[in-house]
Structure formats: structure tokens, C-alpha cells
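# Descriptive analysis of the structure
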Amino acid sequence: MSDDQRDQTPAGPAPAAPASPAAGPQPEPIRFFGTTWVDHDGGYALLRVGLAAGSLVTAFAAALLLRLAYEGLEIGNVGPFLSISVVVLFAVASSIAFAKTWDSFRRRPAPSSDEAALKGLKTIGFIGSLIAYFLRCFVEAPGEQLRRAEYERATAEFARRRSSRTGNPAARRPKRKK
């Protein structure tokens, strides 16, 4: 094979063609679950159990890490005010992160909401987010209810639009005048 022929052959598999508009709406993938949430196939139940266990183990490890940090403050003899302040800070941040994470599974935040401003607070209270993820895995994939409602709405709208079409409008015969 000559160099010219080698340059013209694709290096890898051809990219997949984009879905045609006639195929209908595509489900939005969920992190870690992909689109297995649509039909609950492809190891969906095993993924839910595994991710629930993983988030709980991670939450326990994070709590242990915070406990070690608190003991470091005690060893450093920083005083009761700072020790209590750190505990209260993490408790409040975790409760806010839990509430915001739990709420994000049911509805999308408004474009003008304060989600960006709370990003740092949710990072500090990551244990609350992990616990919300753990609890939500008992019911469904986190965010499945929201995405299923959006997908079913889009599918129904697509079916309604497609059913109103009766064929090629250019091929229709003109209406008779009375």
C-alpha cells in the first residue's frame, strides 16, 4: 500500500451518524447509569445497589476524615470556639447540600437561581450530598424521575406532531371548488 493510499484510509471506525429527526427524542443519560434507566435493563438494579453502597462507604470515609481533622484541632488546642464553629459549619453545610442535592433530583434549577453561589457550600457539605445520593438510590437512579417525565413528555409531543402529518403536501390534490 502506498503512502497516498494510507493517507486516504480512515484511522479508526467511522463516527456514528447523528440520530435522524424521524427517530424521535433520545433519552438523556444519567451519570453512571447511561440510558439503562429507560427500560431498567443492562444491569440497572446492580448499578443502583453498587452506587448506593459506594456512596455510603464514601460518606463514612469522609466522616472519618473529618473526625481526624477535628481531633487534630483538639490536639492543637485551638480552643472551644473554633472547634464548635468547625462542627457547626460542616453540619449546616451538609444539611444545605443534602437539601439542594435532593431537590435537584426532582427538578432542574432555574437559570437565574443561586446554584452557582452555593457551589462552594455544597463542596464543603459533600457528606450531605453523598447521603442524598445513597437514599435516592433506594427508590430510583438519582434524577430518573425528572428525566423520565421530560422524556415521556418529549415522546408524546413527538408522536402528536408525527400523527398530524398525512404525507407529502405537494402530492395532494387541490380541493374542489363548489
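Up top you'll find the structure we're talking about.
About the thresholds
Residues numbered from 1 in each chain as written. Predicted model: local features only at pLDDT ≥ 70, side-chain atom pairs only at ≥ 80, totals over all residues. Heavy atoms only, no water. Salt bridge = Lys/Arg side-chain N within 4 Å of Asp/Glu carboxyl O. Helix = DSSP H or I, 4+ residues; strand = E, 2+ residues; numbered from the N terminus. Buried < 20%, exposed > 50% of the residue type's maximum accessible area, 1.4 Å probe, protein only. Axes fitted to C-alpha atoms, helices over the stretch in contact; angles between N-to-C directions. Parallel < 35°, antiparallel > 145°, perpendicular 65-115°, else oblique. Left-handed = near helix turned anticlockwise from the far one by under 90°. Contact = heavy atoms within 4.5 Å. Nonpolar A, V, L, I, M, F, W, Y, C, P; charged D, E, K, R; others polar. Patch = residues over 30% accessible without salt bridge, like charges linked within 9 Å, V, L, I, M, F, W, Y side chains within 5 Å. Areas by Shrake-Rupley, 256 points an atom, 1.4 Å probe, with all protein chains shown as cover.

What follows is about the pattern of salt bridges. Scanning the entire structure with this criterion turns up ten salt bridges. Measuring nitrogen to oxygen at the nearest pair gives 2.5 Å for the salt bridge that ties Glu28 to Arg108. On the criterion of sequence distance, the pair formed by Glu28 in the loop between helix H1 (3-8) and helix H2 (44-75) and Arg108 in the loop between helix H3 (80-104) and helix H4 (119-124) is long-range, its members being 80 residues apart. The residue Asp103 makes a salt bridge to Arg107 at a minimum N-O spacing of 3.0 Å. For Arg107, a relative accessible area of 51% gives the class exposed. Taken together, the salt bridges that share partners define one network made up of Glu28, Arg108, Arg147 and Glu150.

In the contact formed by H2 and H3, the axes pass within 10 Å of each other and the chain directions differ by 165°. In terms of orientation, H2 lies roughly antiparallel with respect to H3. Considering how the two elements wind past one another, H2 and H3 form a crossing that is right-handed. Contact with H2, carried on its side by Leu66, Tyr70, Leu73 and Glu74, involves Leu82, Ser83, Val86, Val87 and Phe90 of H3 and no other residues of that element. Residues that form the contact of H2 with H3 fall into these classes: seven nonpolar, one polar and one charged.

With that settled, the discussion passes to a nonpolar patch on the surface. A cluster of nonpolar side chains, contributed by Ile131, Leu135, Phe138 and Val139, occupies part of the molecular surface with about 360 Å² of accessible area. In this structure, Val139 sits in helix H5 (residues 126-139).

All we've got here are geometric facts, nothing functional implied.
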